[in-house]
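Residue-level structural notes
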Amino acid sequence: IRFILNIFFVLFAAAGAIYVVIIVFIQQSFGSTTRDLGLLAIFLGVGLFAGALGYGRWGTKSSHFKTMFLCLAWGGVFLILFSWAVRQTQNLIVAGGLSFVMGLIAGPIFIGANTIIHRASPSEMRGKVFSGLEVVIHFAFLGTMLLSSFLAEHLDRFWILVGIGVLFLGVGLVGLRRVKR
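What this report covers is the structure whose coordinates are included nearby. (Residues numbered from 1 in each chain as written. Predicted model: local features only at pLDDT ≥ 70, side-chain atom pairs only at ≥ 80, totals over all residues. Heavy atoms only, no water.)

**As for the overall build of the protein**
Rules: Labels follow the DSSP assignment, with helices taken as runs of H or I lasting at least four residues and strands as runs of E lasting at least two, numbered in each case from the N terminus. Here the globule rule reads 2.2 Å times residues to the power 0.38, and the radius of gyration is calculated from C-alpha atoms. Accessible area is worked out with a 1.4 Å probe on protein chains only. A residue is then buried under 20% of its type maximum, exposed over 50%, and partly exposed in between. In this analysis, two residues are considered to be in contact whenever any of their non-hydrogen atoms come within 4.5 Å of each other. Throughout, the Shrake-Rupley method with a 1.4 Å probe supplies accessible areas, and for residues the shown protein chains are the sole cover considered.
Each helix and strand counted, the protein has six helices and zero strands in total. The N-to-C order of helical and strand elements in the protein reads α-α-α-α-α-α. By the compact-globule yardstick of 16 Å for 181 residues, the protein fits well, its C-alpha radius of gyration being 17 Å. Considered along the principal axes of its C-alpha atoms, the protein spans approximately 50 × 35 × 30 Å. The proportion of buried residues among the 181 residues of the protein is 40%. Taking all contacts inside the protein whose residues are at least 6 apart in sequence as the whole, residues at least 24 apart take part in 84%. Roughly 10100 Å² of accessible area belongs to the protein as shown, and the carbon and sulfur atoms make up 69% of that amount.

Following this line, the structure appears as C-alpha cells:
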C-alpha cells in the first residue's frame, strides 16, 4: 500500500504541475483560448478510457508493478514528444494523437494501482486506505500546482513539461530496474 501511495504521489504531483502549465502552453502555442485545449482533453480522456479497458481485458497476465513502471517511463517519453510537437508544429492532429497515446499509457497505471490496493488491504480497512490515498493525491496535486505556478514565472513552460517528462521516465526506469531484481 505504501508503494501505491508513492506512485499516486508522483502521478498527481506531476498532474498538478502539468495542469497549471499546460493550459497556457497549449493556448499560446495554438493561439486559441479553449477550443484546442478542449479537443486535446477529449483525446486524452478517450485514451484513458481505452487504456483502462485494454488493460482490464489483457493486462491481467502481466505484473502490475512492471506495467505501472513501464507506463510511467513511456508516459514521460510521450509527454516530452507532446510538448515538442505542440511547440514546433502546432498541428492539432499530431498533438491529439500524442494526447490519446498518453491517455492510453496512463490508464493501466490507475487500474493496476487500484487492483493492488484491493488485493493488499483487508476489506475492513479499505475505507481508511482510500481516504488516506485521497489525502496524498490532493496534497500532491495542490502542492505542485503552487510550485509550478511559481516556476512558470521564471522558466519557459515547455521546459517545465519536459522536466516532468524526464522525471516520469527516470522513475519508470528506476522502478523497472528494481522490479527486475
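This is not the end of the story, as more comes after the structure.
**Considerations on the environment of G96**
Tracing the backbone through its elements, the reader meets G96 in helix α4 (residues 92-120). For G96, a relative accessible area of 0% gives the class buried. For the pair G96 and L44, spaced 52 residues apart in sequence, the C-alpha separation works out to 7.8 Å. Leave out the neighbours within four places in its chain, and G96 touches L40 and F43.

**Describing helix α2 (residues 35-58)**
For clarity, the cut-off: For a helix, the expected span equals 1.5 Å multiplied by the number of residues minus one.
For α2, with 24 residues, the first-to-last C-alpha span of 34 Å sits near the 34 Å given by 1.5 Å per residue. Within the span of α2, buried status applies to D36, L40, G47, G51, G54 and Y55. The inward-facing, buried residues of α2 abut α1 (2-30), α3 (64-89) and α4.

**Topic: the pattern of salt bridges**
For clarity, the cut-off: One side-chain nitrogen of Lys or Arg within 4 Å of one carboxyl oxygen of Asp or Glu is enough to make a salt bridge.
Applying the stated criterion across every chain, the model contains two salt bridges. Across the pair D36 and R35 runs a salt bridge whose closest N-O atoms are separated by 3.5 Å. D36 sits in the buried class, given a relative accessible area of 3%. One salt bridge connects D156 with R87, and the closest N-O pair in it is separated by 3.0 Å. In this pair, D156 sits in the loop between α5 (126-152) and α6 (157-180) while R87 sits in helix α3, placing the two residues 69 residues apart along the sequence. Classification of R87 as partly exposed rests on a relative accessible area of 32%.

**Points about the packing of aromatic side chains**
To describe a pair of aromatic rings, you give the distance between the ring centres and the angle between the ring planes. Heads up, the rule is: The aromatic pairing rule takes the rings of Phe, Tyr and Trp, using the six-membered ring of Trp, and pairs them if the centres are within 6.5 Å, calling planes under 30 degrees apart stacked, those over 60 edge-to-face and the rest tilted.
One pass over the structure, following the stated rule, counts eight aromatic pairs. Pairing Y19 with F141 gives two aromatic rings, centres 5.8 Å apart and planes at 45°, and the pair type is tilted. Placement of Y19 in helix α1 and of F141 in helix α5 is noted, with a sequence separation of 122 residues between them. When its relative accessible area of 44% is taken as the criterion, Y19 is described as partly exposed.

**Brief notes about unusual backbone geometry**
Of note, the phi angle at Q90 is positive, near 50°, even though the residue is not glycine. Along the chain, Q90 falls in the loop between α3 and α4.

**Regarding a nonpolar patch on the surface**
Short version of the rule: Only residues whose relative accessible area exceeds 30% and that form no salt bridge are eligible for patches; like-charged ones are grouped when within 9 Å, while nonpolar side chains (Val, Leu, Ile, Met, Phe, Trp, Tyr) are grouped when within 5 Å.
On the surface, a cluster of nonpolar side chains totalling about 330 Å² of accessible area is made up of L39, I42, F43 and V46. Summarising the element assignment, I42 is placed in helix α2.

So far we have only geometry, and geometry alone does not tell us how the molecule works.
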